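Here is how the chains run, residue by residue.
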Amino acid sequence: MTIQAEPGKGRRKSPFSTFTISTFKTIGTILVTMLGLLFVTFIIGRVMPIDPVISIVGERASKETYDAAYRAMGLDKPVIIQFFYYIRDILQGDFGQSLLNARPVAEDIKRVFPATLELATLGTLIGVIIGVPLGVLAAVNRGSWIDQIARFVALVGYSMPIFWLGLVGLLIFYGILGWVGGPGRVGIFYVDVVPSVSGMILVDSLLDGNWTVFKDAMSHIILPASLLGYYSLAYISRMTRSFMLEQMNSEYITTARVKGLSEWTVIWRHAFGNIKVQLITVIALSYAGLLEGSVLTEIIFAWPGIGSYITTALLSADMNAVLGGTVVVGLVFVCLNVFSDLLYKFFDPRAK
Amino acid sequence: MSIFSTPHENHSSWRRWLLTDTPTSRNHARVASFYQGWLSFKSNPMAMFGLLILVFLAFVAIFAPILAPHDPFTQDLSNRLAPLASEGHFLGTDSLGRDILSRLIYGARITLYIVLLVALIAPVAGLFVGTVAGYTGGWVDAILMRITDIFLAFPRLVLALAFVAALGAGIENAVIAISLTAWPPYARIARAETLTIRNSDYISAVKLQGAGPLRIIMRHIWPLCISSLIVRVTLDMAGIILAAAGLGFLGLGAQPPSPEWGAMISEGRKFILDHWWVATIPGLAIFMVSLAFNLLGDGLRDVLDPKDSGS
């Protein structure tokens, strides 16, 4: 009836064939989704009101120059052929040239992506470290003041405009209290002090053993990362709570209690042990969300990541850069989605 | 029928009529179930608080010209960046001397406009795709759901950004971009509902009476999908408001001098360290409205869709 029937359902063959079928299905899903993503970005590139030829040859180019460029860009070919060219280029890692600085977009993205990765990773870390215990506590003490506080924290997180919270955070912690570094990744004196290995300043300064730079970078990243962390915290704590509630109401928990196990063992060893896989799925999804959600945060904090890159390119009508950035974020997003799906299927025996 | 003859007798007979277990007509049953839903909704103070804020927002938006103390576009450069509670300007003025309170009040109209448009476009598109896919089945279902999955796998804000880049900045284009990224979850929900409905006896009965697929989908399947869609739309509204404000903040939504709240934050951003209220106050407004939608959505979910409720 549908092509998304869960693999293994109603089929009682050897586990190997189920595994193979499900692997093929997953690969098929990834391919179709990525093709769809490329198709949509291609369409966006086609309907834009800016003439890509004029933006290269300039307004005053002669008719011959214009036509030559038109043909060189393959625009005289049928649309479907152009789409194949587009896919071929992207498979070769060629996103075209940025109109702003005439450099390959792929190189630009390689440069800015680690900054976003650094921010989103730290944000997710903060969200997990605070969100998971908060969710567990809320579920165990259901209806108590802890549960109410957790609910309130999550509700505010869901409702707050992140760019506004960033501004207020800058105003309070940088402008008034002076506790954190201002916008940017490091202070002006520390730019390019440590050699770039991974592109992530926290990692690079550690590798270099340069604690001064590490501290400065930390003071800059802590505020935006906490903001992103708050958002993933809201989501993670709510999901943890509902997963835990499900477990705490099951009979095996009663059994464990009757056996006389300590409350700590019952909660963390028995109940929590059963939600680990679900939780990792949620964390992967929220990580993907942060990679994307950091767009507005990056703008506020002048963070030179992929979000800033896309937005700057957008405002100057640099379409190659916008679409290249969109494709990369989309691919990472799809991969994390699929990854969390696979994780669920392979590690949770109930899903098989 | 004696109840019908004396509807105005007193308050309690109305209540009895509304709370009856044995409705006398279809409309009676509808009104009664609506009333009972309202009673259980009313017992949730947070949800009522959310509803109150939204009613207030609608009131402010409708009567903006009467409520606003100043014209939202009139500049007064000699009185720029006036602080809170200064004379004639309760919430101060912005960098061009425009009254912030008046701009906030007119901005309510824009917020409501965006919310209503997206709420009209995205769920309807999703409902259509989902019910057609679920009812038709076969390859139509396969193709439609694959497209839905593709859109679902996209990063929403970045995709909306790319759409706006292609279509050009402006409120209408922001609405289209947000709707284009918002419909897939509704299609999923509508399809799931349709799959559970389409094999039920009453659908077979309607079929035997000679109803065509279009009539079955529109008259007999859509009404049953509505309640779960309403819950989802209300809960999504907060995200939609935040997305619209984000686009406005980036300069891709409403264009100046329009008093859109996100754009107002962006204008006030340059003065945040010295004149904090210019950027902070519109943010509070956005926060209140999206909080209200979240509270309302939670309350509606408990009433309309108890099986999903979180508590």
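Residues numbered from 1 in each chain as written. Chains lettered and ligands numbered in written order. Predicted model: local features only at pLDDT ≥ 70, side-chain atom pairs only at ≥ 80, totals over all residues. Heavy atoms only, no water.

### What about the overall build of chain B?
Step number 1: A count of helical and extended segments in chain B gives 13 helices and zero strands.
Step number 2: When the elements of chain B are put in sequence order from the N terminus, they spell out α-α-α-α-α-α-α-α-α-α-α-α-α.
Step number 3: Burial analysis of chain B (311 residues in total) assigns 51% to the buried set.
Step number 4: Contacts in chain B between residues at least 24 apart in sequence constitute 66% of all its contacts with a sequence separation of at least 6.
Step number 5: Summed over all atoms, the accessible surface of chain B reaches about 14,600 Å², with 66% contributed by carbon and sulfur.
Step number 6: Seen as two clouds, the 22 positive and the 20 negative side-chain charges of chain B have centres 9 Å apart. (Helix = DSSP H or I, 4+ residues; strand = E, 2+ residues; numbered from the N terminus. Buried < 20%, exposed > 50% of the residue type's maximum accessible area, 1.4 Å probe, protein only. Contact = heavy atoms within 4.5 Å. Areas by Shrake-Rupley, 256 points an atom, 1.4 Å probe, with all protein chains shown as cover. Lys, Arg positive; Asp, Glu negative; His and termini not counted. Charge placed at Lys NZ, Arg CZ, Asp CG, Glu CD.)

### Things to note about helix H11 (residues 263-300) of chain A
All names here are of chain A.
Step number 1: Helix length check: H11 (38 residues) gives 45 Å between terminal C-alpha atoms against 56 Å at 1.5 Å per residue, more than 12% under.
Step number 2: The largest bend along H11 reaches roughly 50 degrees and is located at Phe272.
Step number 3: One or two steps after H11, the chain reaches Ala302, where phi turns positive at roughly 50 degrees. (Expected span 1.5 Å × (residues − 1). Bend = angle between axes of the 7 residues up to and from the residue.)

### As for the interface of chain A and chain B
Step number 1: Across the contact, 47 residues belong to chain A and 47 residues belong to chain B.
Step number 2: Here chain A meets chain B over a buried area of about 4,200 Å², counting both sides, of which 76% is carbon and sulfur.
Step number 3: Counting the contacts that link chain A with chain B gives one salt bridge.
Step number 4: Residues Asp298 of chain B and Arg151 of chain A are paired through a salt bridge, measuring 4.0 Å at the closest nitrogen-oxygen approach.
Step number 5: Counting the contacts that link chain A with chain B gives four residue pairs in polar contact (both at pLDDT 80 or more). (Buried area = accessible area lost by both parts, 1.4 Å probe. Salt bridge = Lys/Arg side-chain N within 4 Å of Asp/Glu carboxyl O. Polar contact = N/O pair within 3.5 Å; in protein donor to acceptor, adjacent residues only side chain to side chain.)

### Quick notes on the pattern of salt bridges
Where side chains of opposite charge bring their charged atoms close, a pairing between them can arise.
Step number 1: Overall, the coordinates contain 13 salt bridges over all chains when judged by the stated rule.
Step number 2: A salt bridge links Glu267 of chain B to Arg103 of chain B, with the nearest nitrogen and oxygen atoms 3.9 Å apart. Of this pair, Glu267 of chain B sits in helix H12 (residues 261-268) while Arg103 of chain B sits in helix H6 (residues 100-136), and the two are 164 residues apart along the sequence.
Step number 3: Look at the salt bridges and you will find they share partners, linking Arg103, Asp108 and Arg111 of chain A into a network.

### Notes on the confidence of the model for chain B
Step number 1: Taken residue by residue, chain B gives an average pLDDT of 82. The fraction at 70 or more is 94%.
Step number 2: Counting contacts from residues 1-7 of chain B, a segment whose pLDDT is below 50, to residues more than four positions away or on other chains yields six contacts. (pLDDT = per-residue confidence, 0-100.)

### Regarding helix H4 (residues 45-62) of chain B
Residue and element names in this part refer to chain B.
Step number 1: The terminal C-alpha atoms of H4 lie 26 Å apart, and with 18 residues this matches the ideal 26 Å at 1.5 Å per residue to within 8%.
Step number 2: Elements in contact with the buried residues of H4: helix H3 (26-42), helix H5 (64-67), H6, H12 and helix H13 (277-304).
Step number 3: The backbone nitrogen of Met46 lies 3.3 Å from a side-chain oxygen of the residue at the head of H4, namely Asn44.

### Observations regarding the UniProt feature "transmembrane region" (unreviewed entry) in chain A
Residue and element names in this part refer to chain A.
Step number 1: Under the UniProt annotation, the feature "transmembrane region" (unreviewed entry) is placed at residues 21-44, 119-140, 152-177, 217-236, 279-303 and 323-344.
Step number 2: Span residues 217-236 is 100% helix and 0% strand, its end C-alpha atoms 27 Å apart.
Step number 3: In residues 279-303, the share of helix is 88% and the share of strand is 0%. The end C-alpha atoms are 29 Å apart. (UniProt positions renumbered as here; feature names shortened; annotations may be inferred.)

### Points about a positive patch on the surface
Residues and elements named next belong to chain B.
Step number 1: On the surface, a cluster of positive charge is contributed by Arg26, Arg30, Arg215 and Arg219.
Step number 2: If you list the elements that add at least two residues to the positive patch, you get H3 and helix H11 (213-249).
Step number 3: Assessed through its relative accessible area of 52%, Arg30 is described here as exposed. (Patch = residues over 30% accessible without salt bridge, like charges linked within 9 Å, V, L, I, M, F, W, Y side chains within 5 Å.)

### Describing the UniProt feature "transmembrane region" (unreviewed entry) in chain B
Step number 1: Per the UniProt record, "transmembrane region" (unreviewed entry) is annotated on residues 46-68, 110-137, 157-183, 229-255 and 275-297 of chain B.
Step number 2: From the first C-alpha to the last, residues 229-255 of chain B spans 32 Å; its make-up is 78% helix and 0% strand.

### Some remarks on the side chain of Asn294 of chain B
Step number 1: Considering the arrangement of structural elements, one finds Asn294 of chain B in helix H13.
Step number 2: Sequence-distant contacts of Asn294 of chain B, defined by excluding residues within four places in its chain, comprise Leu155, Tyr158 and Ser159 of chain A together with Leu235 and Ala238 of chain B.

### Section: the domain arrangement of chain A
A common way to report how large an interface is uses the accessible area buried once the components associate.
All names here are of chain A.
Step number 1: Taken domain by domain, chain A comprises domain 1 (20-92) and domain 2 (105-347).
Step number 2: One C-alpha centre belongs to domain 1, the other to domain 2, and the line joining them spans 33 Å.
Step number 3: Each side of the interface is counted separately: domain 1 has 14 residues, and domain 2 has 12 residues.
Step number 4: In this assembly, domain 1 packs against domain 2 so that about 1,100 Å² is buried in total across both faces, 90% of it on carbon and sulfur atoms.
Step number 5: On the domain 1 side of the contact with domain 2, Met34, Leu37 and Thr41 bury the most area, a combined 38% of that side's loss.
Step number 6: At the junction of domain 1 with domain 2, the criterion picks out zero salt bridges.
Step number 7: Across the contact surface, domain 1 and domain 2 share zero residue pairs in polar contact (both at pLDDT 80 or more).
Step number 8: Contributing elements (two or more residues each) for the side of domain 1 that touches domain 2: helix H1 (15-47) and helix H4 (79-91).
Step number 9: Tallying contributions element by element places H1 first for the side of domain 1 that touches domain 2, with 10 residues.
Step number 10: Residue composition of the side of domain 1 that touches domain 2, by class: nine nonpolar, five polar and no charged. (Domains from an automatic or database assignment. Nonpolar A, V, L, I, M, F, W, Y, C, P; charged D, E, K, R; others polar.)

### What about the packing of aromatic side chains?
Step number 1: As enumerated under the stated definition, the model contains 14 aromatic pairs over all chains in all.
Step number 2: Seen from their ring centres, Trp276 of chain B and Trp277 of chain B are 6.1 Å apart, and the 85 degrees between their planes marks the pair as edge-to-face.
Step number 3: Taken together, the ring pairs connect Phe39, Phe42, Phe83, Phe84 and Tyr86 of chain A into an aromatic cluster. (Phe/Tyr/Trp six-rings, centres within 6.5 Å; stacked < 30°, edge-to-face > 60°.)

### Topic: the packing of H6 of chain B against H13 of chain B
Residue and element names in this part refer to chain B.
Step number 1: Between H6 and H13, the least distance of the axes is 11 Å, while the angle of their chain directions is 35 degrees. The handedness of the crossing between H6 and H13 comes out as right-handed. For the pair H6 and H13, the contacting residues are Ile100, Leu104 and Val115 in the first and Trp277, Val278, Ile281, Pro282, Ala285 and Phe293 in the second.
Step number 2: Among the residues making up the contact of H6 with H13, the classes are represented as nine nonpolar, no polar and no charged. (Axes fitted to C-alpha atoms, helices over the stretch in contact; angles between N-to-C directions. Left-handed = near helix turned anticlockwise from the far one by under 90°.)

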